[in-house]
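A closer look at the structure
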Amino acid sequence: MSAGGMLRPAGPQAEALAGVMNTTLIVCAFAFVFAMACLAGALWWRGRRPVSTALWLWGGGLVLPVLVFGGLLLHGERSAYGLDDPSPPGALRVAVTGHLWWWSMRYESEPDAPAFATANELRVPVGRPVTLTLASDDVIHSYWVPALGGKVDMVPGRLNRLTFTASQPGVFRGPCSEYCGTQHAAMVLQVVAMPPEDFAQWRRAQAGAAPEPVSRQALRGAALFRENGCATCHAVRGSARHDVADAPPLGPDLTHVASRLWLGAGALRNRDPLGDPRTALRQWITDVQQVKPGARMPSYKHLRADEIDAMVEFLAGPPVAGGGSDRPLVAATSLAP
Ligand SMILES: [Cu+2]
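Presented here is an overview of the structure given in this document. (Residues numbered from 1 in each chain as written. Predicted model: local features only at pLDDT ≥ 70, side-chain atom pairs only at ≥ 80, totals over all residues.)

Focus on the nonpolar core
Quick reminder of the rule: We define the nonpolar core as any set of buried residues of the types Ala, Val, Leu, Ile, Met, Phe, Trp, Tyr and Cys, connected via C-beta atoms lying within 7 Å of each other. Working definition of burial: number of other C-beta atoms within 10 Å of the residue's own, with buried at 20 or more, exposed at 12 or fewer, and partly exposed in between, all C-beta atoms being placed from the backbone. Counting from the N terminus, the helices are the DSSP runs of H or I reaching at least four residues and the strands are the DSSP runs of E reaching at least two.
In terms of nonpolar packing, the biggest core is built from 67 residues, with Leu148, Phe172, Val191, Ala265, Met311 and Leu315 touching the most fellow members. The element that contributes the greatest number of residues to this core is helix 8 (residues 305–316), accounting for seven residues.

See the structure below:
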């Protein structure tokens, strides 16, 4: 599957920016060669047909740079103009907030689809514009998914905006682009662009409640989840009787955590080779400080393996052949790079 970068744009905004970069490179290369040719010529003809100092100064010092940089400026402005249309009609609207060191997301409600919260994975339909409002919960972070467009800082106390469209399906990485501390490098947003029908299915599933704990193990897991204080930092819609509309969450919404491609904002692949998310969840909960040192969640090494397993069962639902328990997995695994 495609996983583009700045040089392999996957949407019109990123294409426009790549165009500006390529033009700048080409024009500057020509200007450099031209200036070197002038210099060589001047040295060659020195003494024979001297070029006046005024021509060097005015031509090389003023006219040439003004033409080259003025042209580039105009071209850049024209290409970037309108890129950041604040709200194109029919755009999907998502509020993204940066935290030390993860991303929370809230999909805004639409006439036929309710709002819901998720984390670290921004799924979007191919071909439809997406408008993000970007905020920060603590320090300055920066949103940049090079394959899909420009970079926008996430500044505490401010709401910034960015609009982009993905023109092809794929998984695109967006590492935090403003140094923000220990785990800055493991603060990676994954953007998953999906065919519109798959996206609609994913959205329906994500907006719904977590898998209902029915097995004895899952029920025990739900109780342990509360007893161990997980619910003070994490919401699980439905089963844990926790409401997403709570004050700013201290940790990612875990309602459909098993459907995510990664845990900990790119720190740990959320699938073992058989496609099962349980292994990674177990590892994360047992000793997050080993997986992502400094993460703002305590390790739970003091718990017994069966207690961890019960919570994993609660979070991931019953095991299903072929790996995975949360429905949206289908699209996720077929898209995984
Ligand atoms: Cu950051």
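Now that the structure is up, let's keep going.
What to know about the environment of Glu110
Structurally, Glu110 is set in the loop between strand 2 (102–107) and strand 3 (116–119). Among the residues examined, Glu110 registers 12 C-beta atoms within 10 Å and is labelled exposed. It is 9.0 Å that separates the C-alpha atoms of Glu110 and Arg93, two residues lying 17 residues apart in sequence.

Focus on helix 6 (residues 278–286)
Selection rule: The arc in question is the one spanned by the directions pointing from the helix axis to the C-beta atoms. The contact criterion used here is simple: two residues whose C-beta atoms, placed from the backbone, lie within 7 Å are in contact.
Three or more residues of helix 6 are buried, namely Arg278, Ala280, Leu281, Trp284 and Ile285. Looking straight down helix 6, one finds that the buried residues subtend no more than 160 degrees of arc, so they occupy a single side. Where helix 6 is buried, its residues contact strand 11 (262–263), strand 12 (268–269), helix 7 (288–291) and helix 8.

Regarding the sheet that holds strand 9 (residues 170–175)
Applicable threshold: A pair of strands is labelled paired if DSSP reports no fewer than 2 bridges between them. Axis definition: a line fitted to C-alpha atoms, over the contacting stretch in the case of helices. Angles run 0 to 180 degrees between N-to-C directions.
If you trace the three strands from one edge of the open sheet to the other, you get 4-10-9, paired in mixed fashion. This sheet does not close on itself; its edge strands, each paired only once, are strand 4 (121–125) and strand 9. Across the sheet, the mean angle separating the axes of adjacent strands is 20 degrees when strand polarity is ignored. Here strand 4 runs beside strand 10 (residues 188–194); their pairing, made up of five bridges, is parallel. Following the sheet pairing, Pro125 is matched in strand 10 by Met194. The strands that helix 3 (residues 196–207) touches are strand 4 and strand 10; relative to strand 4, the one it contacts most, it runs at about 135 degrees.

Topic: unusual backbone geometry
Geometrically, the link from Leu100 to Trp101 is a cis peptide bond, its omega value of 0 degrees lying close to zero. Tracing the sequence through the fold places Trp101 in the loop between strand 1 (92–99) and strand 2. The phi angle at Asn120 is positive, at roughly 65 degrees, despite the residue not being glycine. By the secondary structure assignment, Asn120 is in the loop between strand 3 and strand 4. Even without being a glycine, Ala265 presents a positive backbone phi close to 50 degrees. Relative to the helices and strands, Ala265 is located in the loop between strand 11 and strand 12.

A few points about the sheet that holds strand 8 (residues 160–164)
Pairing is mixed in the open sheet, where five strands are placed in the order 3-2-1-5-8. Every interior strand has two partners, whereas the edge strands, strand 3 and strand 8, have only one. With direction set aside, neighbouring strand axes in the sheet form an average angle of 25 degrees. Relative to strand 2, strand 1 runs antiparallel, the two being bridged by six bridges. Looking at the pairing, His99 lines up with Trp102 of strand 2.

Some details on the pairing of strand 7 (residues 151–154)
With four bridges joining them, strand 6 (residues 141–144) and strand 7 adopt antiparallel strand pairing. Along strand 7, the bridge assignment pairs Ser142 with Asp153. The antiparallel pairing of strand 6 with strand 7 creates a hairpin that spans six residues between the two strands, and Gly149 there sits at a positive phi of about 145 degrees.

Observations regarding the environment of Gly208
Mapped onto the fold, Gly208 is located in the loop between helix 3 and helix 4 (216–227). Classification of Gly208 by C-beta neighbours within 10 Å gives partly exposed; the count is 15.

Some details on the packing of helix 6 against helix 8
Let me state the cut-off plainly: For classification purposes, an angle smaller than 35 degrees is called roughly parallel, one larger than 145 roughly antiparallel, one from 65 to 115 roughly perpendicular, and anything else oblique. Left-handed is the label given to a crossing in which the near helix is rotated counterclockwise from the far helix by less than a right angle, and right-handed is the label when the rotation is clockwise. Residues are grouped as follows: Ala, Val, Leu, Ile, Met, Phe, Trp, Tyr, Cys and Pro are nonpolar; Asp, Glu, Lys and Arg are charged; all remaining types, including Gly, are polar.
Between helix 6 and helix 8, the least distance of the axes is 10 Å, while the angle of their chain directions is 125 degrees. Viewed along their axes, helix 6 and helix 8 adopt a mutual orientation that is oblique. Two packed elements cross with a definite hand, and for helix 6 against helix 8 that hand is right-handed. Contacts between helix 6 and helix 8 involve Arg278, Leu281, Arg282, Ile285 and Thr286 on the former and, on the latter, Ile308, Asp309, Met311, Val312, Leu315 and Ala316. Classifying every residue of the contact of helix 6 with helix 8 by side-chain character gives seven nonpolar, one polar and three charged.

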